[in-house]
Amino acid sequence: AQSVTQPDIHITVSEGASLELRCNYSYGATPYLFWYVQSPGQGLQLLLKYFSGDTLVQGIKGFEAEFKRSQSSFNLRKPSVHWSDAAEYFCAGNPNFGNEKLTFGTGTRLTIIP
Amino acid sequence: NAGVTQTPKFRVLKTGQSMTLLCAQDMNHEYMYWYRQDPGMGLRLIHYSVGEGTTAKGEVPDGYNVSRLKKQNFLLGLESAAPSQTSVYFCASRPPQGARTEAFFGQGTRLTVV
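Keep in mind it's a predicted model, so treat the numbers as computed, not measured.

(A) Structural context of the sheet that holds strand β7 (residues 65-67) of chain B. Residue and element names in this part refer to chain B. Strand order in the open sheet formed by four strands is β1-β3-β8-β7, and the pairing between neighbours is antiparallel. The sheet terminates laterally at β1 (4-7) and β7, the two strands that pair on one side only. Sheet twist, expressed as the average angle between the axes of neighbouring strands with direction ignored, equals 20 degrees. Note: β7 against strand β8 (residues 73-78), three bridges, orientation antiparallel. By the bridge assignment, N65 is partnered in β8 with G77.

This is the structure we're talking about:
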């Protein structure tokens, strides 16, 4: 089935350390990919998106993600995390333009320790 | 700007009861979605709509029905609620460019079926 997969359920990182959250996709063509963040008790906010062009995309709050076709991955990174980054992160994807079925991975919960 | 508004925010149902969740958006968006969020399962797509008068099944449609009689509203119905439908339900909408665009989310409806 066409989908995205997040292999890490929970990640703990020290404040100030670097972060990488993994996302793999399984679509036939180059999909449209997104990263969303959900703070406790809140809705979802878009961090960044990719649909063509430069494979390194910049987002809000200092996040970036790199699209790697050879690895079917779209990993989210941040050079130095802040305590306020503690949240749940979701990778999401659309198969291609004209197919608006947007599906999400199972999420990665990020804990920040002092 | 109201954005995406879900009604109600909380509800407790008894098994077998019916109810309708309302999602309203004031952004003139074409696409609307209903998801359920359960621990460890991420967001799973229930049904979605690509325009007024159209609906399509998502990943977990059983036990739910939807209607999109007006462009701005997307209704999710539970005809006979079951404890397995205890979840947090999120509605989202996207503009006409569809697959390339950000989905805007409501704040969620917490439903408990006892």
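Right, picking up where we left off after that structure.
(B) Region of the structure containing the environment of A:L21. All names here are of chain A. Position of L21 relative to the elements: it lies in strand β3 (residues 19-21). Distance from L21 to A65, taken between C-alpha atoms, is 9.2 Å for residues 44 residues apart in sequence. If near-sequence neighbours (up to four positions away) are discounted, L21 is found in contact with I11, W35, N75, L76, Y89 and T108.

(C) Focus on the interface of chain B and chain A. Every contact between the two is made by 26 residues of chain B and, on the other side, 23 residues of chain A. Note on chain B versus chain A: buried area summed over both sides is about 1900 Å², and carbon and sulfur give 57% of it. By the criterion of area lost to chain A, the three top residues of chain B are B:L43, B:A99 and B:R100, representing 30% of everything that side buries. At the junction of chain B and chain A, the tally comes to zero salt bridges. Between the two partners, chain B and chain A, sit five residue pairs in polar contact (both at pLDDT 80 or more). Of all the secondary-structure elements, those providing two or more residues to the side of chain B that touches chain A are β4 (31-38), β5 (42-49) and β9 (87-94) of chain B. Among the residues making up the side of chain B that touches chain A, the classes are represented as 12 nonpolar, nine polar and five charged.

(D) Representation of the state of the cysteines in the model. One pass over the structure, following the stated rule, counts two disulfides over all chains. Linked covalently through their sulfurs, A:C23 and A:C91 form a disulfide whose S-S length is 2.0 Å. Taking the torsion about the sulfur-sulfur bond, which here is approximately -65 degrees, the covalent link between A:C23 and A:C91 counts as left-handed. With A:C23 in the loop between β3 and β4 (24-26) and A:C91 in strand β10 (residues 87-94), the pair connects residues that are 68 residues apart, well separated along the chain. Since its relative accessible area comes to 0%, A:C23 is described here as buried. Looking at A:C91, the relative accessible area reads 0%, which means it is buried. The side chain of B:C23 participates in a disulfide bridge whose partner is B:C91; the two sulfur atoms lie 1.8 Å from each other. Linking B:C23 and B:C91, the disulfide has an S-S dihedral of approximately -75 degrees and is accordingly described as left-handed.

(E) Quick look at the packing of aromatic side chains. This structure, assessed with the given rule, holds 16 aromatic pairs over all chains. Taken together, a centroid distance of 5.8 Å and an interplanar angle of 85 degrees make the contact between A:Y32 and A:F51 edge-to-face. With A:Y32 in strand β5 (residues 32-38) and A:F51 in the loop between β6 (44-50) and β7 (56-58), the pair connects residues that are 19 residues apart, well separated along the chain. Ring centres 4.4 Å apart and planes at 20 degrees place the aromatic pair A:Y50 and A:F67 in the stacked group. Of this pair, A:Y50 sits in strand β6 while A:F67 sits in strand β8 (residues 64-68), placing them 17 residues apart in sequence. A:F67 shares its class with A:Y50; the two are buried. Each member of the aromatic cluster is reached from another via a ring pair, and the members are A:F34, A:Y36, A:F90, A:F104, B:Y33, B:Y35, B:Y48 and B:F105.

Parameters and conventions
- Residues numbered from 1 in each chain as written.
- Chains lettered and ligands numbered in written order.
- Predicted model: local features only at pLDDT ≥ 70, side-chain atom pairs only at ≥ 80, totals over all residues.
- Heavy atoms only, no water.
- Pairing = 2+ DSSP bridges.
- Helix = DSSP H or I, 4+ residues; strand = E, 2+ residues; numbered from the N terminus.
- Axes fitted to C-alpha atoms, helices over the stretch in contact; angles between N-to-C directions.
- Contact = heavy atoms within 4.5 Å.
- Buried area = accessible area lost by both parts, 1.4 Å probe.
- Salt bridge = Lys/Arg side-chain N within 4 Å of Asp/Glu carboxyl O.
- Polar contact = N/O pair within 3.5 Å; in protein donor to acceptor, adjacent residues only side chain to side chain.
- Nonpolar A, V, L, I, M, F, W, Y, C, P; charged D, E, K, R; others polar.
- Disulfide = S-S within 2.5 Å.
- Buried < 20%, exposed > 50% of the residue type's maximum accessible area, 1.4 Å probe, protein only.
- Phe/Tyr/Trp six-rings, centres within 6.5 Å; stacked < 30°, edge-to-face > 60°.

Note that every value here comes from positions in space, so none of it alone points to a role or purpose.
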